[in-house]
Amino acid sequence: MNIAEVLGLPQLLQVKKIVCVEPHPDDNEVGAAGTLRELALRGCEIVYITVTDGRAGGSSRVPQTADIVQIRKKERAEAGRIVGVSKQIALDFPDMGDYTEQDLLAKLIPIIREERPDMLLTVDPWMPYEAHPDHIKTGKAVAAAMLFSANTFLYPDANPYTVPQIAFYATAHPNTYIDVTPHWQRKIEAILAHESQFGDAQWPMLQMYLEYHASQLYATWKQATPGAEGYAEAFKVLTGQQLHFFPAALHS
Ligand SMILES: [Zn+2]
């Protein structure tokens, strides 16, 4: 049974407004830039929320004395412009800081109530072997925000809102594939806008990995068509109902 279909909810590429919550500046591009570009071209309003300031993401390309937080802010703005993002919100928690999932949840709920998206997008915190605390806290807080953005007992507000659907990128259990072949070069361009993070000696290897992974996803998706070639991004899309006491969500 497809719950989204039963509820009459739009498919990923049909949504009119999406709020994309990334742990660090650059995660939305690596995880979903091709899909977001397609959505932008279809007239979808795209709002970014960046949870941390990215201060732990210095690299050999950036001098120790540089203001990495300011550099990453500029890079994020440019990457968003390349993708076609309408609005960017920075929560400025310290990268790898000791903020809690609850702290983040309390920040997210008023923004979600204000923006009222058809769908949330974020990292999958349940990806096996995901070890980065910012990714785990972000994914879980966004999922919890789905459950509590309509709850005025816990978070009093005159403007409660229920987000109908959530999509996770970097997921090990995808149920939705998007053909991003036409947007692949733009995705790479958006990733490379994060100059302080990419484009160094390791970049060719990383680009090769991203292309291999996206072509594998495409082949998995199109397995009934031998020899089909292209690039795909993959997501786990769930309704709010599937985020609590719902073991079948794993296989949905
Ligand atoms: Zn990250």
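Now for a description of the structure that goes with this document. In this text, all values refer to a predicted model and were calculated from it rather than measured experimentally.

**Details of the overall build of the protein**
1) Next: A tally of regular secondary structure across the protein gives seven helices and seven strands.
2) Next: Listing every helix and strand of the protein by position from the N terminus yields α-β-α-β-α-β-α-β-α-β-β-α-α-β.
3) Next: Seen along its three principal axes, the alpha-carbon backbone of the protein occupies a region of about 50 × 50 × 35 Å.
4) Next: Put simply, of all contacts in the protein between residues at least 6 apart along the chain, 77% involve residues at least 24 apart.
5) Next: For the protein, the computed accessible surface area is about 12300 Å², with 56% contributed by carbon and sulfur atoms.
6) Next: If you average the places of the 21 positive and of the 30 negative side-chain charges in the protein, the two averages end up 4 Å apart.

**Notes on the coordination of the zinc ion**
1) Next: Around the zinc ion, the protein supplies His-24 (ND1), Asp-27 (OD), Asp-27 (OD) and His-135 (NE2) as donor atoms, at distances of 2.1 to 2.4 Å.
2) Next: Each of the four donor atoms bound to the zinc ion contributes to angles spanning 55 to 140 degrees, and the resulting shape is irregular.
3) Next: Summarised as a motif, the one-chain spacing of the donors to the zinc ion is H-x2-D-x107-H. Pair noted here: Asp-27 is in helix 2 (residues 27-41) and His-135 is in helix 5 (residues 133-148), with a separation of 108 residues, a long-range link. A single burial state applies to Asp-27 and to His-135, both of which are buried.

**So, the side chain of Thr-122**
1) Next: Secondary-structure assignment places Thr-122 in strand 4 (residues 119-123).
2) Next: Judged by its relative accessible area of 0%, Thr-122 falls in the buried class.
3) Next: Engagement of the side chain of Thr-122 in a polar contact is seen with the backbone oxygen of Val-21, the distance being 2.8 Å.
4) Next: Those residues in contact with Thr-122 that sit more than four places away from it in its chain are Val-21, Thr-138, Gly-139, Val-142, Ile-166, Ala-167, Phe-168 and Tyr-169.

**Observations concerning the sheet that holds strand 1 (residues 17-22)**
1) Next: Strand order in this open sheet of seven strands is 3-2-1-4-5-7-6, and the pairing throughout is mixed. Lying at the two open borders of the sheet, with one neighbouring strand each, are strand 3 (87-93) and strand 6 (176-179). Ignoring which end each strand starts from, the neighbouring axes of this sheet average 25 degrees apart.
2) Next: Pairing analysis gives five bridges linking strand 4 to strand 5 (residues 165-169), with the strands arranged parallel. What sits directly across from Leu-120, in strand 5, is Ile-166.
3) Next: The sheet strands contacting helix 5 are strand 1, strand 2 (45-52), strand 4, strand 5 and strand 7 (232-239), and the helix crosses strand 4 at an angle near 160 degrees.

**Details of the packing of aromatic side chains**
1) Next: The full count for this structure, using the stated rule, is six aromatic pairs.
2) Next: For the ring pair Tyr-177 and Trp-221, a centre distance of 6.1 Å and an interplane angle of 10 degrees mean the geometry is stacked. Here the residue Tyr-177 occupies a position in strand 6, and Trp-221 occupies one in helix 7 (residues 203-221), the gap between them amounting to 44 residues.
3) Next: Where Phe-198 meets Trp-203, the ring centres are 5.8 Å apart and the plane angle is 65 degrees; that geometry is what we call edge-to-face. Comparing Phe-198 with Trp-203, the two get one shared label, buried.
4) Next: Joined through ring pairs, the aromatic side chains of Tyr-177, Tyr-218 and Trp-221 make up one cluster.
5) Next: Here the guanidinium or amino end of Lys-137 rests over the ring plane of Tyr-99, the centre of that ring lying 3.8 Å away.
6) Next: Sitting above the plane of the Trp-221 ring, Lys-222 keeps its charged end 4.1 Å from the centroid.

Rules behind the numbers
Residues numbered from 1 in each chain as written. Predicted model: local features only at pLDDT ≥ 70, side-chain atom pairs only at ≥ 80, totals over all residues. Heavy atoms only, no water. Helix = DSSP H or I, 4+ residues; strand = E, 2+ residues; numbered from the N terminus. Contact = heavy atoms within 4.5 Å. Areas by Shrake-Rupley, 256 points an atom, 1.4 Å probe, with all protein chains shown as cover. Lys, Arg positive; Asp, Glu negative; His and termini not counted. Charge placed at Lys NZ, Arg CZ, Asp CG, Glu CD. Donors = N, O, S within 2.8 Å, 3.2 Å for Na, K, Ca; no water. Tetrahedral: all angles 85-135°; square planar, octahedral: opposite > 155°, others 65-115°. Buried < 20%, exposed > 50% of the residue type's maximum accessible area, 1.4 Å probe, protein only. Polar contact = N/O pair within 3.5 Å; in protein donor to acceptor, adjacent residues only side chain to side chain. Pairing = 2+ DSSP bridges. Axes fitted to C-alpha atoms, helices over the stretch in contact; angles between N-to-C directions. Phe/Tyr/Trp six-rings, centres within 6.5 Å; stacked < 30°, edge-to-face > 60°. Lys NZ or Arg CZ within 6 Å of the ring centre and 35° of its normal.

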